[in-house]
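Read off the chains here:
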Amino acid sequence: MKRYIIVRLLYTIVVILGVSILVFVVTHMVGNPVNTMLPLQATEAERAALRHQLGLDKPLFEQLTTFLGSMVKLDFGISWWQQIPALGIVINKMPATFMLVSAAMILSIVVAIPLGILAAYKPGTFLDRFLTSASLIGLCLPPFWLGLMLVLFFAVRLGWFFTSGYGTLRHLILPTITLAVVPMGHLAQIVRFSMAEQLNAQYAITARAKGASETAVLFGHALKNAATSIVTMGGSDFGRLLAGETAAVEVVFGWPGFGTLIVDTIGRQDFPLLQAEVFFVAVVICLINLIVDISYAYLDPRIKY
Amino acid sequence: MRKGLQFLLILSLVVTLIAGCGGSSSQPTQQSGKEGTTSTATKDTIIIALQGEPSTLDPQFADDGNMRAVTDNVFERLLELDGKTLEPINGLATDIKSIDDVTWQLTLREGVKFHNGDPFTAEDAVFSIKRVTDPAYKSQIAGNFNTIKDAKVIDDKTIQIVTDGPDPILPKRLTRLDIVDKKYIESNPDKVATEPIGTGPYKVTKWNRGVDITIERNEDYWGNKPQIKGATYRFIQESSTRLSALKAGEIDLAVNMLPEYVSELPAYKTSDGIEFTFIRFNTLRGPMKSKLMRQAACYAVDKKALADSLYLGYANVAQGQLAKPGYFGYNDEIKAYPYDPEKAKALLKEAGYNGEVIELVSERGRWLKDGELTEAVAGMLTDAGFNIKLTFLSWQEWLDTLFNLDKAPDMMFSSNGNELFDMDRFYQALIKTGGPQSAYSNPEVDKMIDAARSEMDTEKRLQLYKDLAKIVYEDPFGLPLLNLKDIYGMSPNLEWEPRQDSRITVFEMKLK
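So, how was this worked out
- Residues numbered from 1 in each chain as written.
- Chains lettered and ligands numbered in written order.
- Predicted model: local features only at pLDDT ≥ 70, side-chain atom pairs only at ≥ 80, totals over all residues.
- Helix = DSSP H or I, 4+ residues; strand = E, 2+ residues; numbered from the N terminus.
- Buried ≥ 20, exposed ≤ 12 C-beta atoms within 10 Å, placed from the backbone.
- Contact = placed C-beta atoms within 7 Å.
- UniProt positions renumbered as here; feature names shortened; annotations may be inferred.
- Axes fitted to C-alpha atoms, helices over the stretch in contact; angles between N-to-C directions.
- Left-handed = near helix turned anticlockwise from the far one by under 90°.
- Nonpolar A, V, L, I, M, F, W, Y, C, P; charged D, E, K, R; others polar.
- Pairing = 2+ DSSP bridges.
- Core = buried A, V, L, I, M, F, W, Y, C linked by C-beta atoms within 7 Å.
- Domains from an automatic or database assignment.

J.: Any chance you could break down the overall build of chain A for me, citing the residues and the numbers?
T.: Counting its regular elements, chain A contains 13 helices and 0 strands. In chain A, the succession of α and β elements from N to C terminus is α-α-α-α-α-α-α-α-α-α-α-α-α. Taken along its principal axes, the extent of the C-alpha atoms in chain A is 85 × 55 × 30 Å. Within the span of chain A, comprising 305 residues, buried residues form 43% of the whole. Taking the contacts inside chain A whose residues are at least 6 apart along the sequence as the reference set, 73% of them involve residues at least 24 apart.

Here's what the structure looks like:
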């Protein structure tokens, strides 16, 4: 197991390097931050001066090696936009997104898993069909639109919650519900599908024939066997949400998190900050994948690393 | 087992309900209007929703509208702009006079203190001027002051500014130069961006990164005491969310409301915005080189219809120039080309237009309904007989195309924001041969532009610009379209007249 983890961490470093270099090269070849930063009326002399100050007039290879040299020391430079160290900005914004994503995932799990189990247990009933359609609808609803609708109804008309902002539980509710809809849909479907598969398996029929109670079959056997699929789906959603998929919801609700940071960074072509964000996202996704893969060893005794 | 399942289901539903039914037990660490609006009797602070968070609170560094919404109340300038007439008036300087063609002398106001108690002196004024023009400081607004060569202290209350050649615009330039505390900046360089110290009617008390910025009235302010005791700025990027917040009573002022929201706003005010949209013609190459073709395009577009249908009337038709009354150099005798599609067709015929493809390039999303505007214009041009090929570029590509004369398309959508309210910048950028956005070239015009730039006599200077405006109107450099209005959503008990320079001036606001 230890060897496996070490090898995976080495792969993680390769992924981080590869992604960072790719983003660096593409943005430097295609982007033009100087034009974005200066007002439209700036003269060519002013543009050239800024280009020189930012080091953008040096050859690409030289810029790349300088950047890699600092990156290994975890120094991503100073954000062009905010004039403070780039990595610090990223770390500052993460807690807000982490809070939102965790809340949304917890909500999804708490709602989707029991309902998915129930639907698998009673296939073909109204509940089952309702759950399948509801989860499909949830997956198709644009989070942006859903968020705005919830705000209009619950915050403006009923006044139960705030329309936007950050800081208290009351601020958290609507964004969490909006964000949770898609993972809920994913989880409900995968739970229902995996559980149904397990409940009809040969070993389940045998267990029932041996006299095992339905609860024992459900929780003692089927759920455990379905666990790997569920954890995979949950982990994938969790990782992608943390990596910036929260952007639409964060913008609608004025939630000061990582998603809005990425949108702003790309708009402003702030390369140091962008590289810090890319690094962070690569680390988060690789780590989550690693944790999910390691969990297989505990969930499925057949898997040994 | 049924019981087990039922228990599970009920448990999960109960948890969901608890999570869903609001936390009145939550600690209100971040105050928001919801708790405050019910007791209006003692309300003396307001909440303002901006489009984004300031990148810094160092007013000399960036060209950032969100920052200025805060710093315009915290810092002051030697000269200020009158919100209605757009003329420079006294600020931290009580007198300005031109000693000779390149030297200006200013008398400074006495008895002014910075928020930390430091007195405002001539040293601070000179330091502020030198700092913003220092290349090592890398200010993004240094271009506004590129004519200033030197500044020096003459005595306690007098300074002189020396310009590089005659600069009649210097007073207007000074209305954008914030005065900072020399002692504070030299001893606290790391606090400059986050804990600003100015001389203004408000001081910044807290900046919760990502959440809000709070300002409070400066009780030692030298000037008129503002009515509003304090303000909190929140950052809400999405305009519909700002609207919801206003309707729910959570905020008192929301910037940049869309015309469609006006019927839903509890109260609102408008002012003319700074941006003028227009179509730039490539007058140097291609089919639009012909004057008749360009005039035909000007007659083909119904600008009033655009203002009414796309912006619900919240836009003014630009009168044949990218300026309006109040801008120095505005020619009030010029009117927009009237909408006359028959005349356009006739001009096209006279020009011998053979139906060749004319490229119209635009971008989408930077300015309100820019994509729709360009599409509507393309439609009108096509109806008049132009063979238009409309292309949308990404913002980066569009910027690239704008600044690169080799890539200049026949027609290009653009917008011009003139923050000094002086036409020199427009001519330098868009008309002069070789200007950064120019696809125009006329040596006579170039001479006039240079002459006007350094003409110190106001009357003569004005006449030069009026003549220039006429020339580039009759030999069109482009097709001026619309001047959009800024729409501010307000709560019914907020009193404020928005300014023509789009500054958010809390010190001019009152609560009923």
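J.: Go over the UniProt feature "transmembrane region" (unreviewed entry) in chain A, please, and point to the residues and values.
T.: All names here are of chain A. Those places that UniProt annotates as "transmembrane region" (unreviewed entry) correspond, in this numbering, to residues 9-30, 98-121, 133-160, 172-191 and 278-299. A distance of 32 Å separates the end C-alpha atoms of residues 9-30, which is 100% helix and 0% strand. In residues 133-160, helix accounts for 82% and strand for 0%; the two terminal C-alpha atoms are 29 Å from one another.

J.: Describe the UniProt feature "domain: ABC transmembrane type-1" (unreviewed entry) in chain A, listing the residues and the values that go with them.
T.: Within the UniProt annotation, "domain: ABC transmembrane type-1" (unreviewed entry) is assigned to residues 94-292 of chain A. End C-alpha to end C-alpha, residues 94-292 of chain A measures 21 Å, and it is 85% helix and 0% strand.

J.: I'd love a proper account of the packing of helix H5 (residues 86-121) of chain A against helix H8 (residues 169-199) of chain A, names of residues and values included.
T.: All names here are of chain A. Where H5 meets H8, the closest approach of the two axes is 6 Å, and the angle between their N-to-C directions is 35°. Classified by chirality, the crossing of H8 by H5 is right-handed. When the residues that make up the contact of H5 with H8 are grouped by side-chain class, the tally is 25 nonpolar, 3 polar and 1 charged.

J.: Please provide a residue-by-residue account of the sheet that holds strand S4 (residues 93-100) of chain B, values included.
T.: All names here are of chain B. Taken together, 4 strands build an open sheet; the order of strands is S4-S5-S7-S6 and the sheet is antiparallel. Of all the strands in the sheet, the pair left with one neighbour each is S4 and strand S6 (148-155). Each strand of the sheet is rotated relative to its neighbour by a mean of 20°, with strand direction disregarded. Here S6 runs beside strand S7 (residues 158-163); their pairing, made up of 6 bridges, is antiparallel. Directly across from Ala-151, in S7, lies its bridge partner Ile-161. In the packing of helix H4 (residues 122-133) onto the sheet, contacts are made with strand S5 (103-108), S6 and S7, and the angle to S6 comes to roughly 170°.

J.: An account of the nonpolar core is needed here, citing residue identities and associated values.
T.: Core analysis: the largest hydrophobic core is formed by 213 residues, its most contacted members being Ile48(B) and Ala254(B). A total of 19 residues in this core trace back to one element, the largest contributor, which is H5(A). Beyond its immediate stretch of four places on either side in the chain, Ala254(B) contacts Ala49(B), Arg242(B), Leu243(B), Ala245(B), Leu246(B), Tyr488(B) and Gly489(B).

J.: Before we move on, could you go through the domain arrangement of chain A and cite the residues and values that matter?
T.: Residues and elements named next belong to chain A. For chain A, the assigned domains are domain 1 (1-84) and domain 2 (88-299). Its C-alpha centre places domain 1 at a distance of 32 Å from the equivalent point of domain 2. Listed per partner, the contact involves 22 residues of domain 1 and 18 residues of domain 2. Broken down by secondary-structure element, the contributors of at least two residues to the side of domain 1 that touches domain 2 are helix H1 (2-30) and helix H2 (33-37). With 9 residues, H1 is the largest single contributor of residues to the side of domain 1 that touches domain 2. The residue inventory of the side of domain 1 that touches domain 2, partitioned by class, reads 13 nonpolar, 8 polar and 1 charged.

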